Amino acid sequence: MKQKRFLGIYCLGVLLAVAFVGSPVIWGANDLSLPANSNVFVGRSVDVDLTLNHDDDVQGLVAVGDVIDPSSAAISNVVAGPAVAAADSLVINLDSDFFLVGVVMDLDGTEPSFIPANPAGDVVATITFQGLTALTQTDVVFVDGAHSADVGGIGPALDNIVVVGGMSIGAGEGLGLTGGRVTVLDVPAGVYRVGSATLAP
């Protein structure tokens, strides 16, 4: 079993360098997506899956997104999904208003060297949103060239890509980028029982 390593921007540099090495390939449909809508009660959190739908074996990826209105709902955590659990390099950077996930499946020549093709979709990360303002909503969109992999933004800003056959596929090469929305609901009126205590909002 591979040992997962959190290495920082160096490994994403390796990913981008590898991305332009190799023979030209013809690739299928590949898409990074978020759910069309995720509901969360104000003051509570909801987990939202970042999914990779891909006709091709994927050797690595970078996914970068912005929360348009972080006063409505804000990012509080990002964790790797099962599809990338065995990656040689996993980089996660986040703030309340953005996320970045970078994955390099193979750096040492041992298996697995790619995420096997799965048009039905693989979860590459789970993003936790905290509901802040009731009866509001915010779009969550994929963005290129806005954020770097290191805390503080010192390194180069990265684009959304997947790597297939040694080639980098971004939006300009046909990578689908389907953003989502988080809707913050008010806590419904009623009586709630917590342990032995009864609470009325």
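Thresholds applied
- Residues numbered from 1 in each chain as written.
- Predicted model: local features only at pLDDT ≥ 70, side-chain atom pairs only at ≥ 80, totals over all residues.
- Heavy atoms only, no water.
- Helix = DSSP H or I, 4+ residues; strand = E, 2+ residues; numbered from the N terminus.
- Buried < 20%, exposed > 50% of the residue type's maximum accessible area, 1.4 Å probe, protein only.
- Contact = heavy atoms within 4.5 Å.
- Areas by Shrake-Rupley, 256 points an atom, 1.4 Å probe, with all protein chains shown as cover.
- Pairing = 2+ DSSP bridges.
- Axes fitted to C-alpha atoms, helices over the stretch in contact; angles between N-to-C directions.
- 1 Å grid on protein atoms, 1.4 Å probe; cavity = no way out; pocket = protein on both sides within 12 Å on 5 of 7 lines; lining within 4 Å.
- Points joined across faces, edges and corners; volume = space filled by probe spheres on them.
- Nonpolar A, V, L, I, M, F, W, Y, C, P; charged D, E, K, R; others polar.
- Phe/Tyr/Trp six-rings, centres within 6.5 Å; stacked < 30°, edge-to-face > 60°.

Trainee: Before we move on, can you summarise the overall build of the protein with the specific residues and values?
Mentor: In terms of regular secondary structure, the protein is built from 1 helix and 15 strands. For the protein, the residues scored as buried account for 42% of the 201 residues in total. Counted over contacts in the protein with a minimum sequence separation of 6, partners at least 24 positions apart contribute 75%. Surface summary for the protein: the accessible area is close to 9,500 Å², and the carbon and sulfur share equals 57%.

Trainee: If you had to explain the sheet that holds strand S8 (residues 118–131) to someone new, which residues and values would you point to?
Mentor: One open sheet accounts for 5 strands, arranged S5-S8-S3-S1-S12; its pairing is mixed. Strands with a single pairing partner mark the edges of an open sheet, and in this sheet they are strand S5 (73–80) and strand S12 (176–178). Each strand axis lies, on average, 25° off the axis of its neighbour in the sheet, ignoring direction. Looking at chain direction, strand S1 (residues 30–33) and S12 are connected through 3 bridges and run parallel. Within the sheet, the bridge partner assigned to serine 33 lies in S12 and is threonine 178.

Trainee: Describe the side chain of serine 33, and please don't skip the residues or the numbers.
Mentor: Turning to its location among the elements, serine 33 is positioned in strand S1. Assessed through its relative accessible area of 13%, serine 33 is described here as buried. Those residues in contact with serine 33 that sit more than four places away from it in its chain are Asp49, Leu50, Thr51, Asn53, Phe142 and Thr178.

Trainee: So what about empty space enclosed by the protein? Which residues, and what values?
Mentor: Per the stated rule, a full pass over the model turns up 1 cavity of 30 Å³ or more. Its volume calculated, the largest cavity comes out at about 30 Å³. Forming the walls of the largest cavity are Leu34, Pro35, Ser38, Val48, Val140, Gly180, Arg181 and Val182. Looking at side-chain class alone, the lining of the largest cavity contains 5 nonpolar, 2 polar and 1 charged residues.

Trainee: Got a sec to walk through the pairing of S8? Specific residues and values, please.
Mentor: Bridge count between strand S3 (residues 45–54) and S8: 9 bridges; the pairing is antiparallel. Counterpart to serine 45 in the pairing with S8 is glutamine 130. Where S5 lies against S8, 7 bridges are found, and the strand directions are antiparallel. Note that in S8 the partner of alanine 74 across the bridge is glutamine 130.

Trainee: Give me the packing of aromatic side chains: which residues, what numbers.
Mentor: One pass over the full model with this rule turns up 1 aromatic pair. An angle of 85° between the planes, with centres 6.2 Å apart, marks the rings of phenylalanine 99 and phenylalanine 142 as edge-to-face. Placement of the pair is phenylalanine 99 in strand S7 (residues 98–104) and phenylalanine 142 in strand S9 (residues 136–142), with a sequence separation of 43 residues. Residue phenylalanine 99 shares its accessibility class with phenylalanine 142, and that shared class is buried.

Function-wise, these values are silent; they only describe arrangement.
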